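As a plain string of letters, each chain reads:
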Amino acid sequence: MIVHETEKKLAAYRARKKREALINHYKARVKNMLPSFLSKKDEPELPDPSEETSRSLLEVASPLDEPEDCCSEPEEPQPFTTIDYVRYLLYFLLWVTTYALFIQLQFGTVFLIVSGLMGIFLNTRTGPKKANEISAYSVFNKNCEKIDGTLDGEKMTQQMLYGGFAR
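Keep in mind that this is a model prediction, so the values were computed, not measured. Numbering of residues starts from 1 in each chain and follows the order in which that chain's sequence is written. This being a predicted model, a pLDDT of at least 70 is required before a residue's local features are given, and a value of 80 or more before pairs of side-chain atoms are given or counted; all residues contribute to the totals for chains, interfaces and linings. For the side-chain quantities, the full set of heavy atoms in the structure was used; hydrogens and water were omitted.

**Section: the overall build of the protein**
Spelled out, the test is: Strands here are runs of E lasting at least two residues and helices are runs of H or I lasting at least four, both read from the DSSP assignment and numbered beginning at the N terminus. Only protein chains enter the accessibility calculation, which uses a 1.4 Å probe; a residue whose area is less than 20% of its type maximum is buried, one above 50% is exposed, and one in between is partly exposed. Here a residue-residue contact requires only that any non-hydrogen atoms of the pair lie within 4.5 Å. Computed with the Shrake-Rupley method and a 1.4 Å probe, the accessible areas treat only the protein chains shown as cover for residues.
In terms of helices and strands, the protein carries 5 helices and 0 strands. The order of α-helices and β-strands along the protein, N terminus first, is α-α-α-α-α. Here the protein holds 167 residues, and 7% of them are scored as buried. For the protein, restricting intrachain contacts to residue pairs at least 6 apart in sequence, the fraction spanning at least 24 positions comes to 47%. Roughly 15,700 Å² of accessible area belongs to the protein as shown, and the carbon and sulfur atoms make up 61% of that amount.

Here it is, written out as structure tokens:
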């Protein structure tokens, strides 16, 4: 009786994980169909959803497992290469050509506004914060630490009272 219930739970868990893997697989395929300039960095390839996992329910749902820190490895920005400059030049020329076409169709302003909104959206980070990265908002930092160059009331008062001798 107990073994039968455990097998049912295990089968339900495996079916749910297989469905999630299939959804993730299709999401990755759709993401790969988009042009490469929309993606910020290469995504790791997802496992094939048709593969059956042989782990037991206790192995998978162990409460003692520590969550992995996704932010532990800081990424160093890669310097631009000549290919990157050529690619961005080609993107800019494509944008200018499309803009000229929309001007001829009398939709230049609409194209300019939509492309500006797309530029804002594509340059906004949506991923998690890197380890030890300081936020611009001091309330989110450890010990409410401020970033360099922050101007607050105390600093303004010191500069007004003591002039150039303020720290």
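**Quick word on the packing of helix 3 (residues 82–104) against helix 4 (residues 108–122)**
Defined as follows: Interaxial angle, 0 to 180 degrees, is taken between N-to-C directions of lines fitted to C-alpha atoms, where a helix line uses only the stretch in contact. Residue polarity follows a fixed list, in which Ala, Val, Leu, Ile, Met, Phe, Trp, Tyr, Cys and Pro are nonpolar, Asp, Glu, Lys and Arg are charged, and the others, Gly among them, are polar.
Contact geometry for helix 3 and helix 4: axes closest at 7 Å, N-to-C directions at 145°. Where helix 3 approaches helix 4, its residues Trp95, Thr98, Tyr99, Phe102 and Ile103 are matched on the opposing element by Gly108, Phe111, Leu112 and Ser115. Partitioned by chemical class, the residues of the contact of helix 3 with helix 4 number 6 nonpolar, 3 polar and no charged.

**Overview of the UniProt feature "transmembrane region" (unreviewed entry) in the protein**
This is how the line gets drawn: UniProt positions are given in the numbering used here, feature names are shortened, and annotations may be inferred rather than shown by experiment.
Here, the residues flagged by UniProt with the feature "transmembrane region" (unreviewed entry) are residues 89–122. With 91% helix and 0% strand, residues 89–122 has its two end C-alpha atoms placed 17 Å apart.

**Focus on the side chain of Ser135**
Put simply, the rule is: The term polar contact refers here to a pair of N or O atoms within 3.5 Å; inside protein, the definition further demands a hydrogen-donor-capable atom paired with an acceptor-capable atom, and it admits residues adjacent in sequence only when both atoms are side-chain atoms.
Within the secondary structure, Ser135 is located in the loop between helix 4 and helix 5 (153–162). A polar side-chain atom of Ser135 sits 3.2 Å from the main-chain amide nitrogen of Tyr137. Here Ser135 is in contact with Phe140, Asn141 and Ile147, once residues within four sequence places are set aside.

**What to know about the confidence of the model for the protein**
Going by this rule: A score from 0 to 100, pLDDT tells how confident the predictor is in each residue.
Taken over all residues, the pLDDT of the protein has a mean of 77, while the share at 70 or more is 71%. Looking at the elements of the protein, mean pLDDT is at its lowest for helix 2 (residues 57–60), recorded as 45, and at its highest for helix 3, recorded as 95. Taken as a whole, residues 52–71 scores under 50 in pLDDT and shows 18 contacts with residues more than four places along the chain or in a different chain.

**What about helix 5?**
By the criterion of burial, helix 5 is predominantly exposed, with just 0 of the 10 residues buried. Backbone geometry just after helix 5 places Gly163 at a positive phi near 65°.

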